[in-house]
Amino acid sequence: MPLANVLLTGNLSQFTGGQTQFQFDARDIRGVMKELVRLHPDVAPHLEEGLAVAINGEIFQDTWFEPIPEGAEVTFMPAIGGG
């Protein structure tokens, strides 16, 4: 499985004991989320609503099965609302 460098932004680190960077073996965004929840169960309810995910700078919303290339940087951030 690809190794992903994961970065949490916004207030998500309050649910991970202040940790904002991780490395996970995961095929897709959903796999990264499962690993985060395995390590930090309190983050679970906050991962599925109001979040955007960027893979190497490209933002994805509601695309949990987007593949992650080897060595990619995966960033979880608050969703940006539009009007």
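Above this text you will find the structure in question.
Residues numbered from 1 in each chain as written. Predicted model: local features only at pLDDT ≥ 70, side-chain atom pairs only at ≥ 80, totals over all residues. Heavy atoms only, no water.

### Structural notes on helix α1 (residues 29–39)
Owing to its 3.6 residues per turn, the α-helix aligns residues three or four sequence positions apart on the same side.
Next, step 1: By the burial criterion, the buried members of α1 are Ile29, Gly31, Val32, Met33 and Leu36.
Next, step 2: Looking at the buried positions of α1, the neighbouring elements they touch are β1 (3–8), β2 (21–25), α2 (44–47), β3 (51–55), β4 (58–60) and β5 (73–78). (Buried < 20%, exposed > 50% of the residue type's maximum accessible area, 1.4 Å probe, protein only. Helix = DSSP H or I, 4+ residues; strand = E, 2+ residues; numbered from the N terminus. Contact = heavy atoms within 4.5 Å.)

### A look at the nonpolar core
Next, step 1: Counting residues in each nonpolar core, the largest one holds 22 residues, and the members touching the most others are Val6, Ile29, Val32, Leu36, Val74 and Phe76.
Next, step 2: At the level of secondary structure, the elements contributing two or more residues to this core comprise β1, β2, α1, β3 and β5.
Next, step 3: With four residues, α1 is the single largest residue contributor to this core. (Core = buried A, V, L, I, M, F, W, Y, C linked by side-chain atoms within 4.5 Å.)

### Points about the sheet that holds β5
Next, step 1: The strand order across the open sheet built from five strands is β2-β1-β5-β3-β4, with neighbouring strands paired in mixed fashion. Strands with a single pairing partner mark the edges of an open sheet, and in this sheet they are β2 and β4. Averaged over all pairs of adjacent strands, the angle between strand axes in this sheet comes to 30°, irrespective of strand direction.
Next, step 2: Relative to β4, β3 runs antiparallel, the two being bridged by three bridges. Looking at β4, one finds that Ile55 is bridged to Glu58.
Next, step 3: The strands touched by α1 are β1, β2, β3, β4 and β5; relative to β2, the strand with the most contacts, the crossing angle is about 120°. (Pairing = 2+ DSSP bridges. Axes fitted to C-alpha atoms, helices over the stretch in contact; angles between N-to-C directions.)

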